[in-house]
Amino acid sequence: MNTNQSPQSATIVGSGIVGIACAHYLSEAGLDVTVIDRGTIAGECSHANCGYICPSHALPLTEPGAFSVALKSIFNPRSPFRVKPQISPALWKWMLQFAKRCTHRKMLAAGKPLQAILEASMSEYHSVIERLSLDCEWKEEGLLYVLQTERGMESFAKTDRLVSEEFGIPATRIDGINLPKFDSGLKEGLAGAFLYPNDTSVRPDKLNSQWSANLQERGVQFIEKCELKSIRKEAGRIVAIETNRGDFKTDCFVFAMGAWSTKWESALQCSVPVQPGKGYSVTIEKPEHSPNHAILFPEHKVGVSPFDEGLRFGSMMEFAGYDTSIPRHRIQQLRDSARPYLVASVDGPAQSQWYGWRPMTWDSLPIIGTLPELSNGLLATGHSMLGLSLAPATGRLIGEIITGQQTHLDPAPYSPTRF
């Protein structure tokens, strides 16, 4: 970052898991850090996701055929991956760019830097969780991909082979007959599964609350209900940000606003091609015979997360703008999608129902780095479905850029200038 002297203070706009991680590394570097949020700490997309931290997700969403699936979904309101009919030039520009990248070659090219930041983040998590003694239901039991049909197994076996050959990510194949022995929460008669043993899971709201509380004890200031109103700039620098709770003047500013980032393109003088990809979850009281592992059901596009005091079903990808509704049929769809796989009842009382807008980029890579026109402003957004997985490496990279250190990752693939 081009500054005349080492920055002493930073304001982070956005207190999701990415903002929390940025605050952690900047605080460790000795900066005076303030985090502001228009809502509550980690109250939006970081709050009630499935809690997977998954290096196995090295394949970008831009797989061949993904765009045709998106187009067909326009006519199917119940599609797990859905583009809602709408007049939105920004969305259709985004979709066109997404479509251009849905080739085998471009998918693999994007997968390499995605894998690099996934693996770096996992390494950082091991260090942070142990050093700070965060009590967040951290489970190193892998992520289990369960298939209902033989056709599903054959299809996923091709994906597994690709991930193994191109990225060196190992999985253990489990035949259907052995699944109930491996996890007693799974029904008999399923086709089989693939276990990615290097993935982990957490309860995300506990991770967020524990980590942010630790930071506050170390002097980081979190200010909730503090909404960004405008950005004051002079001579290629941000001199202050204006909020409903006063002005903030610090040496540097990090914008970690998730799916809201694109609304500030003009003020940031930078293209931020992020679209909100809406997901849902429902968490029920923990039933008898709950599964023991974090599980994905690829054929039904739903994930299941067993927690100490609940069972969560989560999924969906809706491009529906900034829609705030939680349709009853979507929550029921989550329950029904898990039903064929689980011994436990999926119909228990809901502890919570939730939606979140994932900040989706058209190349599946996050946007991390200095703004091209504002030398003391940085972006940390666009983490798509992997915000929880990518947060620590993002925070470390932001800290390294601001303090002028050698970066632990090549920052070029994630740079805001690539657009």
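Residues numbered from 1 in each chain as written. Predicted model: local features only at pLDDT ≥ 70, side-chain atom pairs only at ≥ 80, totals over all residues. Heavy atoms only, no water.

K.L.:
Explain the overall build of the protein to me, and be specific about the residues and the numbers.
P.N.:
If you tally the helices and strands in the protein, you get 10 helices and 20 strands. Relative to its length of 419 residues, the protein is compact, with a C-alpha radius of gyration of 21 Å against a globular reference of 22 Å. By residue count, 57% of the 419 residues in the protein fall in the buried class. Considering only contacts within the protein whose residues lie at least 6 apart along the sequence, 75% involve residues at least 24 apart. Accessible surface for the protein amounts to roughly 17,300 Å². Of this, 48% is attributable to carbon and sulfur atoms. When the 41 basic and 43 acidic side-chain charges of the protein are each reduced to a single mean position, those positions are 8 Å apart. (Helix = DSSP H or I, 4+ residues; strand = E, 2+ residues; numbered from the N terminus. Rg over C-alpha atoms; globule rule 2.2 N^0.38 Å. Buried < 20%, exposed > 50% of the residue type's maximum accessible area, 1.4 Å probe, protein only. Contact = heavy atoms within 4.5 Å. Areas by Shrake-Rupley, 256 points an atom, 1.4 Å probe, with all protein chains shown as cover. Lys, Arg positive; Asp, Glu negative; His and termini not counted. Charge placed at Lys NZ, Arg CZ, Asp CG, Glu CD.)

K.L.:
Break down unusual backbone geometry for me, with residues and values.
P.N.:
Residues apart from glycine generally show negative phi values, whereas peptide bonds are mostly found in trans. In this model, Lys-301 sits at a positive phi of 55 degrees, which is unusual for a non-glycine residue. With respect to the secondary-structure elements, Lys-301 resides in the loop between strand 15 (294–297) and strand 16 (302–307). Phi angles above zero are rare outside glycine, and Met-316 is one such case at about 80 degrees. Within the fold, Met-316 resides in strand 17 (residues 310–319).

K.L.:
Residues and numbers for the sheet that holds strand 11 (residues 237–243), please.
P.N.:
Strand order in this open sheet of 3 strands is 10-11-12, and the pairing throughout is antiparallel. Where the open sheet ends on each side, the last strands, each with one partner, are strand 10 (228–234) and strand 12 (246–248). Averaged over all adjacent pairs, the angle separating strand axes in this sheet is 25 degrees, with direction ignored. Sheet topology note: the strand 10/strand 11 ladder contains 6 bridges and is antiparallel. Looking at strand 11, one finds that Glu-234 is bridged to Arg-237. (Pairing = 2+ DSSP bridges. Axes fitted to C-alpha atoms, helices over the stretch in contact; angles between N-to-C directions.)

K.L.:
Can you break down the packing of aromatic side chains residue by residue, with the values?
P.N.:
One pass over the structure, following the stated rule, counts 13 aromatic pairs. When the centroid spacing of 5.0 Å and the interplanar angle of 25 degrees are considered together, the rings of Trp-260 and Tyr-322 count as stacked. On the criterion of sequence distance, the pair formed by Trp-260 in the loop between strand 13 (252–255) and helix 8 (265–268) and Tyr-322 in the loop between strand 17 and helix 9 (328–338) is long-range, its members being 62 residues apart. Of the residues examined, Tyr-322 reaches a relative accessible area of 27% and is grouped as partly exposed. Joined through ring pairs, the aromatic side chains of Phe-81, Trp-94, Phe-98 and Phe-319 make up one cluster. Positioned above the aromatic ring of Trp-260 is the side chain of Arg-38, whose terminal nitrogen or guanidinium carbon lies 4.3 Å from the ring centre. (Phe/Tyr/Trp six-rings, centres within 6.5 Å; stacked < 30°, edge-to-face > 60°. Lys NZ or Arg CZ within 6 Å of the ring centre and 35° of its normal.)

K.L.:
Summarise the layout of surface pockets; cite the residues concerned and give the values.
P.N.:
Reported here for the second largest pocket is a volume of approximately 160 Å³. Surrounding the second largest pocket, Thr-62, Arg-101, Lys-106, Ala-109, Ala-110, Asp-363 and Leu-365 form its lining. Partitioning the lining of the second largest pocket into residue classes produces 3 nonpolar, 1 polar and 3 charged. (1 Å grid on protein atoms, 1.4 Å probe; cavity = no way out; pocket = protein on both sides within 12 Å on 5 of 7 lines; lining within 4 Å. Points joined across faces, edges and corners; volume = space filled by probe spheres on them. Nonpolar A, V, L, I, M, F, W, Y, C, P; charged D, E, K, R; others polar.)

K.L.:
I'd love a proper account of the side chain of Asn-49, names of residues and values included.
P.N.:
Turning to its location among the elements, Asn-49 is positioned in the loop between strand 2 (32–36) and strand 3 (52–53). A distance of 3.3 Å separates a polar atom in the side chain of Asn-49 from the backbone oxygen of Cys-45. A polar atom in the side chain of Asn-49 sits 2.8 Å from the backbone nitrogen of Gly-51. (Polar contact = N/O pair within 3.5 Å; in protein donor to acceptor, adjacent residues only side chain to side chain.)

K.L.:
Can you explain the nonpolar core? Please cite residues and give values.
P.N.:
Of all hydrophobic cores here, the largest spans 72 residues; its most connected members are Ile-12, Leu-26, Tyr-125, Leu-207, Trp-211, Val-254 and Ile-398. It is helix 4 (residues 104–132) that provides the largest number of residues to this core, a total of 11 residues. The residues contacting Ile-398, other than those within four sequence positions of it, are Cys-22, Leu-26, Val-254, Ile-368, Gly-369, Leu-378, Leu-379 and Ala-380. If you look at the next biggest cluster of nonpolar residues, it comprises 24 residues, including Leu-179, Ile-284, Val-302 and Met-316. (Core = buried A, V, L, I, M, F, W, Y, C linked by side-chain atoms within 4.5 Å.)

K.L.:
Describe the sheet that holds strand 2, and please don't skip the residues or the numbers.
P.N.:
Taking strand neighbours across the sheet as the criterion, the 6 strands line up as 9-2-1-13-20-19 in an open arrangement whose pairing is mixed. Every other strand in the sheet has two partners, leaving strand 9 (221–223) and strand 19 (367–370) as the edge strands with one partner each. On average, adjacent strands in this sheet sit at an angle of 15 degrees to one another, irrespective of strand direction.

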